[in-house]
There are 4 protein chains.
Amino acid sequence: MKMLTFNELAHRLPPRKAISHKGDYGRLLLIGGNRNMGGAIMLAAQAAVCSGAGLTTVATDEVNHTALHCRLPEAMVLNWENNDLLISKIKGADVILIGCGLGLETISVRLLQTVLINIADHQKLILDGDAITLFARNPQSPTALKTLATPHQKEWERLSGLTPLQQTEISNQTAVKRLGIDVVLKKHGTELYLAGSEPQRINVGTPAMATGGMGDTLAGMLAGFLAQFPRHYRQAVCGAVYLHSHIAQGLAESRHVVLPTDIISRIQTEMKEMIAPEE
Amino acid sequence: MKMLTFNELAHRLPPRKAISHKGDYGRLLLIGGNRNMGGAIMLAAQAAVCSGAGLTTVATDEVNHTALHCRLPEAMVLNWENNDLLISKIKGADVILIGCGLGLETISVRLLQTVLINIADHQKLILDGDAITLFARNPQSPTALKTLATPHQKEWERLSGLTPLQQTEISNQTAVKRLGIDVVLKKHGTELYLAGSEPQRINVGTPAMATGGMGDTLAGMLAGFLAQFPRHYRQAVCGAVYLHSHIAQGLAESRHVVLPTDIISRIQTEMKEMIAPEE
Amino acid sequence: MKMLTFNELAHRLPPRKAISHKGDYGRLLLIGGNRNMGGAIMLAAQAAVCSGAGLTTVATDEVNHTALHCRLPEAMVLNWENNDLLISKIKGADVILIGCGLGLETISVRLLQTVLINIADHQKLILDGDAITLFARNPQSPTALKTLATPHQKEWERLSGLTPLQQTEISNQTAVKRLGIDVVLKKHGTELYLAGSEPQRINVGTPAMATGGMGDTLAGMLAGFLAQFPRHYRQAVCGAVYLHSHIAQGLAESRHVVLPTDIISRIQTEMKEMIAPEE
Amino acid sequence: MKMLTFNELAHRLPPRKAISHKGDYGRLLLIGGNRNMGGAIMLAAQAAVCSGAGLTTVATDEVNHTALHCRLPEAMVLNWENNDLLISKIKGADVILIGCGLGLETISVRLLQTVLINIADHQKLILDGDAITLFARNPQSPTALKTLATPHQKEWERLSGLTPLQQTEISNQTAVKRLGIDVVLKKHGTELYLAGSEPQRINVGTPAMATGGMGDTLAGMLAGFLAQFPRHYRQAVCGAVYLHSHIAQGLAESRHVVLPTDIISRIQTEMKEMIAPEE
């Protein structure tokens, strides 16, 4: 499988235009965080904001409201039981990420359905964590909607029907085409299956990343990149996946374990190095 | 239009007097932060406190109480539904900022009305964000009250009736005079229309600033500067606007995106460099 | 008036004994923080913990519980309406600080009374902020209880009956003796009136300290020093007062305004330099 | 008694395997934090996560939910009154730590019982703080369950019946065997009594550590080490105990008092130095 390298990525994503405003960098809606896993959506939101998303709104269980604001005053927040406001936010978003700490409860199912019913083809959807498990129970037929899923191997098994041993490049490609979605398959040497491109994998990363919340952080970065680089979809996905592991690998030189919040604290500066100077 | 430069600003704002106390640096009241946009008023409050306001009180939705204190124990806090306490705080303030995350709900309208009814001519008023939109629906006739509005171009359209294309220097000046308020028009090359001065614009800033909460941070800095430099109104407004973008431009040298909290963390040291040494 | 200098203070407070445990550094109870001024008691508690108090408990309005823990997991917390638990904590404390953000409400009065009724002569009491105003309305006759008040000039006027202009060294000494308490009179050149010592004042400090919460921080440092150095009362009071302004003065070299939280972040390292090496 | 040295410890704990995921580093359940001592379980959880535990869940009083997430979004959280969810988490955990800020109330007793009833022999249990006091009132007969207690001298007295003066190496060894548990006896020169090994003590540490929350931090580190190194039990216990004091001793060179949060901030980098490079 083709390897994704830094040199290939660097300078492929466009720098910000001198005359631009926050609306140019995307409206992002993140949905997740039940009563037990609120931290997941907080990490995703921080990663998205630090990646440069223009305007970020988080729909979550009320119980997570204060901790989110405390960590990230830059985001707006929404009680996910407020259905009218949620639908209006779904309709106004450029990118929607659902799944981090979502849970598998009745409300979780309803939230995913609300997204799938109200989202339109010009928007982009990222399915992470529990949203993948829920989607796998009742996968929608492919539409023109750009959908990216970020499963780990077990979640990919639920979605594709392939056991980890069956998850070969060829089988994965076939499953991805059948499902009509793009996939970032998280594992040692994360693999990218994006429609219209050859599969690729990354050769950066570190076992120091093996800790809770790491996937939520990647999902948030992907959301931030997609919101911000709407015309560079493939480069945005590759860039976010690469940078996430690249930052972790650098930090692991001096840390036994690298935490999600450690990675988040480096996104702004590492992105600067990755992206070419302002036009 | 005349350009505002650092050299012109530096050393124009007076250093603190050796013998002084917190009362000398102003009593500030910030009103904003509904159930969805509480972060906005937290950012404004942090910016005001870091700019050197003497005593800062935040009136906000109860839901924001804990996150505000968690981020900023230096501020006092007030449930904005406590009308009696709010009125007493309005009457005791030197500077009032209303609008950051205020919303456009019934309570938002009532809060703005409460301010406009209870504020006196010796006080200063800053209208930001939603307060501008609400004010535009029902603009008051000019009074001796010093009022500063900080619209972006769309908000300025609501207030002035001028579309972005019509927002020329001459038209803006006419509108500002008619409205009887001063205006900081936020855009690439922010413009200042202050009564009795030639319009000016800044040539610092960076597209890395184009992210949610940036305007709230500027509003908070303006509030902090006005509270603290009551006899240097024009220099205080210019200083806050310039410094906000100047800090961002510096940080953007090593960051893809500059967050409001990044700017806030540099206000204290950058102000030190901008202001002449103690008398 | 005699000037307090660093050289005189340095190495007068004893280093920690090699074989010791947290109980040796005092049990501290801090009471303050109503619904509007919770930050005050948080700052005091952080200052006390960073000064080295052994065990710190904060009795405050329930609304401040979460923000306190979020900022300072090292402290225990107590709903101040839980009278039985409060009394048991009062009886078990070595040092009690009351007043930071206490307010002047019915509950504030009751809390001060509860302290005055239940405290014993072997304990130490610090009265700050609103507790001074309340105490001034109904001053107790002198007892063997060691009491330290930390008024600014207006609070001292309420307590002593002396207007700021009347607050001369002689008059202050007379008032202090009559009241039977020790006084740290906060002003430019803070003055110390401690029973059995000549009055002293400090010549460190900076107008950059003139901001909300600064007095609460000093009160917390005093509490931390008194809890920890029970046999060095005078040196502990002098040390805390001096260090508070000394840290601020150092930070003001590069900051326009010095915030309470800035000072707190330097207490641990600056105390290390001030205190002689371990025995 | 044999002294535990850094050289003996270094490189004994295995580095992470290149191909591994968070499940390989353990599922950890921490139970503690009542309405007054919530900070204790937050510190333990932060220490566990920073030590590299794979997945960390905290069961605590509802009141601590927000502050925990605010400090540590990497952890999951659980209302400890939700008995069904608690039991399922107990059954799924590799290591359970109970006691930090647990209290001695009815609910505390019930929680400990719930753990003791539902835990299985292949799991590991750490008893800290109040859980030791509760366990001492009604000690269970030894089972195959690996149990580690971390008492200070007074708690050890409750558990062993030995007064501090009676706590000699021989008597402690006898008591440990009778109780069927391993013991980390916290004191100046902390002692380790682990089944099948000679007693050992550490000669690192500093009186700057004598402050509230320090024991909770050690308990969290032990939990993180045990979760992560399931086949190196003895080295994991020794490593955590040594590193905790080793970090404190280093920080005390420039700090009068070392706080739990200071130690936590250094765990990741200090573990890196202690553990041999990746295979």
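Residues numbered from 1 in each chain as written. Chains lettered and ligands numbered in written order. Predicted model: local features only at pLDDT ≥ 70, side-chain atom pairs only at ≥ 80, totals over all residues. Heavy atoms only, no water.

*Asks:* Explain the overall build of chain A here, please?
*Replies:* Each helix and strand counted, chain A has 11 helices and 10 strands in total. Scaling as 2.2 N^0.38, a compact globule of 279 residues should have a C-alpha radius of gyration of about 19 Å, and chain A matches this with 17 Å. Considering chain A as a whole, with its 279 residues, one finds that 64% of them fall into the buried category. Here the analysis covers contacts within chain A between residues at least 6 apart in sequence; of these, 69% occur between residues at least 24 apart. Of the accessible surface of chain A, which amounts to about 9,900 Å², a share of 50% is contributed by carbon and sulfur atoms. Computed over 26 positive and 25 negative side-chain charges, the separation of the two mean positions in chain A equals 3 Å. (Helix = DSSP H or I, 4+ residues; strand = E, 2+ residues; numbered from the N terminus. Rg over C-alpha atoms; globule rule 2.2 N^0.38 Å. Buried < 20%, exposed > 50% of the residue type's maximum accessible area, 1.4 Å probe, protein only. Contact = heavy atoms within 4.5 Å. Areas by Shrake-Rupley, 256 points an atom, 1.4 Å probe, with all protein chains shown as cover. Lys, Arg positive; Asp, Glu negative; His and termini not counted. Charge placed at Lys NZ, Arg CZ, Asp CG, Glu CD.)

*Asks:* What's the story with the interface of chain A and chain B in this structure? I'm lost.
*Replies:* Note: interface size is frequently given as the accessible area lost on complex formation between the parts. Across the boundary between the two partners, chain A contributes 36 residues, which contact 31 residues of chain B. Remark: the boundary between chain A and chain B carries 1 salt bridge. Among the salt bridges present, the one from Glu 62 of chain A reaches Arg 35 of chain B, with a minimum N-O distance of 3.2 Å. Breaking the side of chain A that touches chain B down by element, the ones donating at least two residues are helix H2 (38–51), helix H3 (65–71), strand E4 (76–79) and helix H11 (260–274) of chain A. Element by element, the count of residues in the side of chain A that touches chain B is highest for H3 of chain A, at 5 residues. Residues that form the side of chain A that touches chain B fall into these classes: 17 nonpolar, 11 polar and 8 charged. (Salt bridge = Lys/Arg side-chain N within 4 Å of Asp/Glu carboxyl O. Nonpolar A, V, L, I, M, F, W, Y, C, P; charged D, E, K, R; others polar.)

*Asks:* What am I meant to see in the environment of Gly 52 of chain B here?
*Replies:* Counting through the fold element by element, Gly 52 of chain B comes out in the loop between helix H2 (38–51) and strand E3 (55–60). For the pair formed by Gly 52 of chain B and Lys 22 of chain B, sequence separation is 30 residues and the distance between their alpha carbons is 9.3 Å. When residues no more than four places from it in sequence are discounted, the contact partners of Gly 52 of chain B are Arg 16, Tyr 25 and Gln 228 of chain B together with Val 257 of chain C.

*Asks:* Sorry if this is basic, but what is going on with the relation of the copies chain C and chain B here?
*Replies:* Mapping chain C onto chain B calls for a screw motion: a turn of 90 degrees about the axis and a shift of 0.0 Å along it, with 0.0 Å RMSD after fitting. This pairing of chains is accounted for by a four-fold axis. A share of only 10% of interface residues in chain C that are also interface residues in chain B marks the association as one of differing surfaces. (Least-squares fit on C-alpha atoms with pLDDT ≥ 70 in both.)

*Asks:* It is not clear to me how the pattern of salt bridges should be interpreted in this structure. Could you clarify?
*Replies:* Think of it this way: side chains of opposite charge can pair up when their charged atoms draw near. The full count for this structure, using the stated rule, is 27 salt bridges over all chains. Linking Lys 146 of chain A and Asp 182 of chain A is a salt bridge whose minimum nitrogen-to-oxygen distance equals 3.4 Å. Taken together, the positions of Lys 146 of chain A in strand E7 (residues 146–149) and Asp 182 of chain A in strand E8 (residues 182–185) put the pair 36 residues apart, joining distant regions of the chain. A network of salt bridges, in which partner residues are shared, links Arg 35 and Asp 61 of chain A together with Glu 62 of chain D.

*Asks:* Would you mind showing me how to read the nonpolar core here?
*Replies:* Phe 225 of chain A, Phe 225 of chain B, Phe 225 of chain C together with Phe 225 of chain D are the most contacted members of the largest nonpolar core, which totals 264 residues. In terms of residue count, the dominant contributor to this core is helix H10 (residues 233–252) of chain C (12 residues). Residues contacting Phe 225 of chain C, with those up to four places away along its chain left out, are Leu 13, Ser 51, Ala 236, Gly 239, Ala 240, Leu 243, Met 271 and Met 274 of chain C. (Core = buried A, V, L, I, M, F, W, Y, C linked by side-chain atoms within 4.5 Å.)

*Asks:* How should the side chain of Glu 155 of chain A be read in this particular structure?
*Replies:* Residues and elements named next belong to chain A. Within the secondary structure, Glu 155 sits in helix H7 (residues 153–160). There is no salt bridge for the buried Glu 155, and the closest opposite charge comes from Arg 158, which lies 4.8 Å off by N-O distance. In contact with Glu 155, other than residues within four places in its own chain, are Gly 129, Asp 130, Ile 132, Thr 133 and Thr 150.

*Asks:* Explanation requested: the sheet that holds E7 of chain A in the structure shown.
*Replies:* Strand pairing within a sheet occurs via backbone hydrogen bonds; the two strands may be parallel or antiparallel. All names here are of chain A. The strand order across the open sheet built from 10 strands is E1-E10-E9-E8-E7-E6-E5-E2-E3-E4, with neighbouring strands paired in mixed fashion. Two strands lie at the open edges of the sheet, namely strand E1 (2–4) and E4, each paired on one side alone. Averaged over all neighbouring strand pairs, the angle between strand axes comes to 20 degrees, with direction disregarded. Of the strand pairs in this sheet, strand E2 (residues 27–31) and strand E3 (residues 55–60) are connected by 5 bridges, and their pairing is parallel. Following the sheet pairing, Leu 29 is matched in E3 by Thr 57. Sheet strands touched by helix H4 (residues 83–92): E2, E3, E4 and strand E5 (95–98). Its angle to E2, the strand with the most contacts, is close to 135 degrees. Of the strands in this sheet, E2, E5 and strand E6 (124–127) are in contact with helix H5 (residues 106–118), which crosses E5 at around 160 degrees. (Pairing = 2+ DSSP bridges. Axes fitted to C-alpha atoms, helices over the stretch in contact; angles between N-to-C directions.)

*Asks:* Would you take a moment to explain the pairing of E3 of chain B for this structure?
*Replies:* If a strand is regular, its side chains alternate between the two faces of the sheet. Residues and elements named next belong to chain B. Across the 6 residues that make up E3, a large majority, 6, are buried. Residues of E3 alternate between two faces, with Leu 55, Thr 57 and Ala 59 on one and Thr 56, Val 58 and Thr 60 on the opposite face, all of them buried. For the crossover that starts at strand E2 (residues 27–31), traverses H2 and ends in the parallel E3, the hand is right-handed. Examined bridge by bridge, E3 and strand E4 (residues 76–79) share 4 bridges and lie parallel to one another. Its bridge partner lying in E4, Thr 57 is registered against Met 76. A crossover connection joins E3 to the parallel E4 through helix H3 (residues 65–71); in handedness this β-α-β unit is right-handed. (Right-handed = clockwise from strand over helix to strand, strands pointing away.)

*Asks:* Please explain the UniProt feature "binding site: AMP" (unreviewed entry) in chain A as it appears in this structure.
*Replies:* Residues and elements named next belong to chain A. UniProt feature "binding site: AMP" (unreviewed entry): in the numbering of this structure it lies at Lys 186, Lys 187, His 188, Gly 189, Thr 190 and Gly 215. On the basis of their most widely separated C-alpha atoms, the annotated residues across 30 residues gather in one place, lying no more than 14.0 Å apart. Position of Lys 186 among the secondary structure elements: in the loop between E8 and strand E9 (191–193). Not counting residues within four places of it along the chain, the set of residues in contact with Lys 186 comprises Asp 128, Thr 150, Pro 151, His 152, Gln 153, Gly 215 and Leu 218. Topologically, Lys 187 is positioned in the loop between E8 and E9. (UniProt positions renumbered as here; feature names shortened; annotations may be inferred.)

*Asks:* It is not clear to me how the packing of aromatic side chains should be interpreted in this structure. Could you clarify?
*Replies:* Any two aromatic rings considered together are summarised by their centre-to-centre distance and by the angle between their planes. Using the criterion set out here, one finds 4 aromatic pairs over all chains in the structure. The interplanar angle of 55 degrees and the centroid separation of 5.9 Å between the aromatic rings of Phe 225 of chain A and Phe 229 of chain A together place this pair among those described as tilted. We note Arg 16 of chain B situated over the ring of Tyr 25 of chain B; from NZ or CZ to the ring centre the distance is 3.6 Å. (Phe/Tyr/Trp six-rings, centres within 6.5 Å; stacked < 30°, edge-to-face > 60°. Lys NZ or Arg CZ within 6 Å of the ring centre and 35° of its normal.)

*Asks:* What's the story with the sheet that holds strand E2 (residues 27–31) of chain D in this structure? I'm lost.
*Replies:* Residues and elements named next belong to chain D. Read across the sheet, 10 strands follow the order E1-E10-E9-E8-E7-E6-E5-E2-E3-E4 without closing on themselves; strand pairing throughout is mixed. For this open sheet the edge positions go to strand E1 (2–4) and strand E4 (76–79), each flanked by a neighbour on one side alone. Each strand of the sheet is rotated relative to its neighbour by a mean of 20 degrees, with strand direction disregarded. Against the sheet, helix H10 (residues 233–251) touches E1, strand E6 (124–127), strand E7 (146–149), strand E8 (182–185), strand E9 (191–193) and strand E10 (200–202), its axis set at about 25 degrees to E10.

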